[in-house]
Amino acid sequence: MPFKHNAARRHRIRKMKFKVTNWREYEAGLRRRGSLTLWVTSEALAGWHAPRRRIRGGQRRYSDLAIETALTLACVFSLPLRQTEGFIGSILDLLGLQLPVPDHTTLSRRAQKWERPAGRLPSMPDGPIHVLIDSTGLKIYGAGQWLEARHGTRSRRNWRKLHLAVNAGNGDIVAETLTDQNTDDPAQVEPLLNQIDGEIGQVTADGAYDGRPTYRAVLEHSATANIVIPPRSAAVESNSDTGPPDQRDKHIAAIAKHGRLKWQVTTGYGKRSLVKTAIGRYKGLIGRRLRARSFPAQQTEVAIGCIVLNRMLACARPNSARCQEKQA
């Protein structure tokens, strides 16, 4: 953890203060997040019915966009599927539209097969982006929680791991994966980067991602990418004499020469806090627990939650500036 040796005297260190410079626009965007027109768009209503199939098989009644809209409302307003069904029905009645309402069984079944269209991915800037990677745990309701609530018996908890890749430039979530609790973090670097079409200029992650597999996955995606991952305290340089030292060896040498804190300042490792902010935003707005029971539906729930966060951030993005400290 950065600057952990200052924990005993942290109370003496002044906290940096920031001020939102676009408060009027930011406040209007925060109010707009609660508007139904932001989540129920005219495009979704126009494409509510599924396109007619040209091959054998049953005809779907609702389009994927209609299912996505319903699941988005459930995610934004923290509604179970039955309440989501009633909520959508009341919205369509207020709009005077004669559209069928997907029942909770249809929503549960279609959520297990939903795939995000390419148009739902956040837009990428023209140049290379700075990607921040981290993971967090999400609770699921299982036998462990039931035994503890009913009989007071503790058992091993079950949970999922949410892996996120965040654009350091604007805070958008550009890639996400959901795995079980036994999956290690470096194994998900390649699946995350495969979701990013643009060029990557830098990848920053914590020490859990240190290792050759992570460096290999990043360089296979973008050969000129700069990788900022703190090596472990017992890390040593490679014994290869066939060429110049790689990025990991340079990090090890810089830390040994100047210290870990100087290395963090030089490499801009502090930017990694932005992915922690994204994780906190997810747990604060979407929730710390997954509502879906099946794993495919949980993956859909996480993907739609990331889409919701990106849309919220697009309509209300604060511009913060550090306040100047007064001279004593």
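The model shown is predicted, which means the values in this text are computed figures rather than measured ones.

> I'm lost on the overall build of the chain in this one. Help?
When helices and strands are counted, the chain shows 13 helices and seven strands. Considering the chain as a whole, with its 328 residues, one finds that 41% of them fall into the buried category. For the chain, restricting intrachain contacts to residue pairs at least 6 apart in sequence, the fraction spanning at least 24 positions comes to 65%. Carbon and sulfur atoms form 51% of the exposed surface of the chain, whose accessible area is close to 19700 Å².

> What's the story with the pairing of strand E5 (residues 200-204) in this structure? I'm lost.
Within a regular strand, the side chains alternate between the two sheet faces. Judged by how many residues are buried, E5 sits mostly within the fold: four of five residues are covered. Direction of pairing for strand E2 (residues 129-139) relative to E5: parallel, over a ladder of four bridges. Its bridge partner lying in E5, Ile129 is registered against Ile200. With helix H9 (residues 212-221) bridging E5 and its parallel neighbour strand E6 (residues 226-228), the resulting β-α-β unit is right-handed.

> How should empty space enclosed by the protein be read in this particular structure?
Vacant regions in the atomic arrangement are exposed by a probe of water-molecule size rolled over the atoms. Tallying each qualifying case throughout the model produces two cavities of 30 Å³ or more. If you add up the space inside the largest cavity, you get close to 50 Å³. Forming the boundary of the largest cavity are Val40, Trp48, Thr69, Ala70, Leu73, Ile88, Ile91 and Leu92. Those elements that place two or more of their residues in the lining of the largest cavity are helix H4 (64-76) and helix H5 (81-95). In this structure, the second largest cavity occupies an estimated 40 Å³ of space. Lining the second largest cavity are Leu138, Tyr282, Ile286, Gly287, Arg288, Arg289, Leu290, Arg291 and Glu301. Residue classes in the lining of the second largest cavity are distributed as four nonpolar, one polar and four charged.

> Can you walk me through the pairing of strand E4 (residues 173-180) in this structure?
For E4, a buried count of seven out of eight residues is recorded, marking the element as mostly surrounded by other parts of the structure. With antiparallel pairing between neighbouring strands as the criterion, strand E3 (residues 159-167) and E4 make up a hairpin whose turn holds five residues, including Gly171 at a positive phi of roughly 85°.

> Teacher, can you tell me more about the side chain of Glu176 here?
Take Glu176: it is sitting in strand E4. A relative accessible area of 10% places Glu176 in the buried class. Within the structure, Glu176 has its side chain in polar contact with the side chain of Arg116 (distance 3.1 Å). Residue contacts for Glu176: discarding those within four places in its chain leaves Arg116, Leu162, His163, Leu164, Leu192, Gln195, Val302, Ala303 and Cys306.

> Even after reading the chapter, I still don't get the nonpolar core, so can you show me in this structure?
Side chains that are nonpolar tend, in soluble globular proteins, to be buried together. Counting residues in hydrophobic clusters, the biggest one holds 48 residues, and the most contacted among them are Trp39, Trp48, Leu138, Leu162, Tyr282, Val302 and Val308. Sort the elements by how many residues they give to this core and helix H13 (residues 295-315) lands first, with 10 residues. Beyond its immediate stretch of four places on either side in the chain, Trp39 contacts Arg33, Thr69, Thr72, Leu73, Val76, Phe77, Val308, Arg311 and Met312. One finds Ala165, Leu192, Ile196 and Ala217 within the second-largest nonpolar core, a separate group that totals 20 residues.

> Explain the layout of surface pockets to me, please; I cannot follow it from the model alone.
Its volume calculated, the second largest pocket comes out at about 400 Å³. Elements supplying a minimum of two residues to the lining of the second largest pocket: H4, helix H6 (104-111) and H13. Here the element with the most residues in the lining of the second largest pocket is H13; it accounts for four residues. When the residues that make up the lining of the second largest pocket are grouped by side-chain class, the tally is 11 nonpolar, four polar and three charged.

Rules of the game
Residues numbered from 1 in each chain as written. Predicted model: local features only at pLDDT ≥ 70, side-chain atom pairs only at ≥ 80, totals over all residues. Heavy atoms only, no water. Helix = DSSP H or I, 4+ residues; strand = E, 2+ residues; numbered from the N terminus. Buried < 20%, exposed > 50% of the residue type's maximum accessible area, 1.4 Å probe, protein only. Contact = heavy atoms within 4.5 Å. Areas by Shrake-Rupley, 256 points an atom, 1.4 Å probe, with all protein chains shown as cover. Pairing = 2+ DSSP bridges. Right-handed = clockwise from strand over helix to strand, strands pointing away. 1 Å grid on protein atoms, 1.4 Å probe; cavity = no way out; pocket = protein on both sides within 12 Å on 5 of 7 lines; lining within 4 Å. Points joined across faces, edges and corners; volume = space filled by probe spheres on them. Nonpolar A, V, L, I, M, F, W, Y, C, P; charged D, E, K, R; others polar. Polar contact = N/O pair within 3.5 Å; in protein donor to acceptor, adjacent residues only side chain to side chain. Core = buried A, V, L, I, M, F, W, Y, C linked by side-chain atoms within 4.5 Å.

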